[in-house]
Amino acid sequence: MRRLLTVAAAAVLAIGFTVVARSASAASVGITPGTAWKDTKGHPIQTHGGGMIKVGSTYYWFGEDKTGESQADAFFRNVPCYSSTDLAHWTFVANALTRQPSGELGPNRVIERPKVIFNATTHQYVMYMHVDTPGHTATRVGVATSSTVCGPYSYRGSVQPLGFKSLDITLFQDDDGSAYLLSESRTDGLRMYKLSADYLSVVSRVTVLDDFEAPAMFKLNGRYYLLGSRKSGWKTNDNSYTTSTSLSHGWAAWKLFAPKGSRTFNSQTTFVLPVAGSQATTFMFMGDRWKPDSLGTSPYIWLPLTVKGTTVSLAWHDKWFIDTATGTWHG
């Protein structure tokens, strides 16, 4: 045990995480929301507006590289990919998608909220993203694919799904392997589309919900949960959620999941990660605390959600601990 503690302690960087060893086979890691997080080489983690996918026992975190950017020059640089087995120690693997000399991935373009899912039939990782101009006049969703999780991804182009504008997006993969795109359309609601079997195109509209942005969806015991943010630019607000047992109908009235007036602990939702282990599944809220004048230093807010029936709630923890092996957390 002494050797385990020594190795774990040596591996910890000053990135807002600590490790608490419990046994030779499992350890909980401490997460401190809102602090400056760095990768295993000491560089600031750049995964803003991001999402995750788990492959085997490894988590891969994608997002926007906003190094040196402000709201005045928030142009596409890269979509970095980081890996971790414990959600605390993140290793930069590669830039999954990179700026090109021209075109939609070229200079002075906007790429936001990249999300990745895996298609078990085609054996391809599929990335969707918001594709736009600085003035948000294009309002499109782009698709890229790769045979490996961290890429490089091949960009396949963009569309306005079924002719509607598309800004903030997320992906949701159901238990049966079917996949869905949620797309905020500015004037026509938060729209949910079913994707084709290869996940590369939109085939039909599933439903239209109230106009919330920054969507994040998860499922528990046959019930769907959808989190979203009201539209207030870079300023945070009280985010809300809705639930249903059907994707196409029956969605409940939107309610707050964080204390009223907390502005979701000064963050905006970007993803909900299920951390499934041998004992439980923790649903982890992932949010961004945007700093408009220094977007690259915007802190990440990760907190455990409490999900009971139709109710979702979020409480603040200066530091909390999660064990990816067991799927349990404690304060």
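Notes on the structure in this doc start here.

Criteria and thresholds
Residues numbered from 1 in each chain as written. Predicted model: local features only at pLDDT ≥ 70, side-chain atom pairs only at ≥ 80, totals over all residues. Heavy atoms only, no water. Helix = DSSP H or I, 4+ residues; strand = E, 2+ residues; numbered from the N terminus. Buried < 20%, exposed > 50% of the residue type's maximum accessible area, 1.4 Å probe, protein only. Contact = heavy atoms within 4.5 Å. Areas by Shrake-Rupley, 256 points an atom, 1.4 Å probe, with all protein chains shown as cover. Lys, Arg positive; Asp, Glu negative; His and termini not counted. Charge placed at Lys NZ, Arg CZ, Asp CG, Glu CD. Salt bridge = Lys/Arg side-chain N within 4 Å of Asp/Glu carboxyl O. Disulfide = S-S within 2.5 Å. Phe/Tyr/Trp six-rings, centres within 6.5 Å; stacked < 30°, edge-to-face > 60°. Lys NZ or Arg CZ within 6 Å of the ring centre and 35° of its normal. Pairing = 2+ DSSP bridges. Core = buried A, V, L, I, M, F, W, Y, C linked by side-chain atoms within 4.5 Å. Axes fitted to C-alpha atoms, helices over the stretch in contact; angles between N-to-C directions.

## Let's talk about the overall build of the protein chain
Per the secondary structure count, the protein chain includes 2 helices and 24 strands. Taking the principal axes of the C-alpha coordinates as reference, the protein chain spans close to 60 × 45 × 45 Å. Counting all 331 residues of the protein chain, 54% fall into the buried class. Residue pairs in contact within the protein chain that sit at least 24 positions apart in sequence constitute 47% of those at least 6 positions apart. Element-wise, carbon and sulfur atoms account for 52% of the exposed surface of the protein chain, whose accessible area totals about 13600 Å². Placing the 31 positive and 24 negative side-chain charges of the protein chain at their respective mean positions leaves the two points 4 Å apart.

## Some thoughts on the pattern of salt bridges
Two side chains bearing opposite charge may form a pair once their charged atoms approach each other closely. Under the counting rule described, the total for this entry stands at 9 salt bridges. The salt bridge partner of Lys66 is Glu64, with a shortest N-O separation of 2.9 Å. Of the two residues examined, Lys66 and Glu64, each falls in the buried class. A salt bridge links Asp174 to Lys219; the nearest nitrogen and oxygen atoms lie 2.8 Å apart. Highlighted residues: Asp174 in the loop between strand E11 (169–173) and strand E12 (179–184) and Lys219 in strand E15 (residues 213–220), separated in sequence by 45 residues. Here Asp174 falls in the buried class, since its relative accessible area comes to 10%. A relative accessible area of 24% means that Lys219 is categorised as partly exposed. Residues joined in a network through salt bridges with shared partners are Glu64, Lys66, Glu69 and Arg77.

## Here we look at the state of the cysteines
The tally for this structure, following the rule as stated, stands at 1 disulfide. Here Cys81 is linked by a disulfide to Cys150, with a sulfur-sulfur distance of 2.0 Å. Of note, the bridge from Cys81 to Cys150 carries an S-S torsion of about -45° and is left-handed in sense. Highlighted residues: Cys81 in strand E5 (residues 78–84) and Cys150 in the loop between strand E9 (140–146) and strand E10 (154–159), separated in sequence by 69 residues. For the residue pair Cys81 and Cys150, the accessibility class agrees, reading buried in each case.

## Thoughts on the packing of aromatic side chains
Under the definition given, this model contains 18 aromatic pairs. Taking 5.8 Å as the distance between ring centres and 80° as the angle between the ring planes, the aromatic pair formed by Phe172 and Tyr224 counts as edge-to-face. With Phe172 in strand E11 and Tyr224 in strand E16 (residues 223–229), this residue pair connects regions lying 52 residues apart in the sequence. We classify Phe172 as buried; its relative accessible area is 6%. Residue placement shows Arg191 over the ring face of Phe164; its charged tip is 3.6 Å from the ring centre.

## A word on the sheet that holds strand E18 (residues 255–256)
Strands belonging to one sheet form pairs held by backbone hydrogen bonds; the direction of such a pair is parallel or antiparallel. Within the open sheet, the 4 strands sit side by side as E15-E16-E17-E18. Their pairing is antiparallel. Edge positions in the open sheet fall to E15 and E18, since each of these has one partner strand only. Pairing of strand E17 (residues 240–244) with E18 involves 2 bridges; the strand directions are antiparallel. Looking across to E18, one finds that Tyr241 is bridged to Lys255.

## Remarks on the side chain of Thr139
Locating Thr139 in the fold gives a position in the loop between strand E8 (124–132) and E9. Owing to a relative accessible area of 2%, Thr139 belongs among the buried residues under this scheme. Apart from residues no more than four positions distant in its own chain, Thr139 is found in contact with Val131, Asp132, Gln160, Lys165, Ser166, Leu167 and Arg186.

## A look at the nonpolar core
Counting residues in each nonpolar core, the largest one holds 37 residues, and the members touching the most others are Met52, Trp61, Leu87, Trp302 and Leu305. Those residues in contact with Trp61 that lie beyond four places of it in its chain are Trp37, Ile45, Thr47, Gly51, Met52, Pro80, Cys81, Tyr82, Trp90, Met286, Tyr300 and Trp302. Judged by nonpolar contacts, the second largest core, of 19 residues, contains Phe76, Ile111, Tyr125 and Val131.

## Things to note about the sheet that holds strand E19 (residues 268–276)
If you walk across this open sheet you meet the 4 strands as E19-E20-E21-E22, and the pairing is antiparallel. Either end of the sheet is taken by a strand with one partner, and the two such strands are E19 and strand E22 (311–314). Each adjacent strand pair in this sheet contributes to an overall mean axis angle of 30°, direction not counted. Note: strand E20 (residues 281–288) against strand E21 (residues 300–308), 5 bridges, orientation antiparallel. From the neighbouring strand, Gly287 faces E21, where its bridge partner is Ile301.

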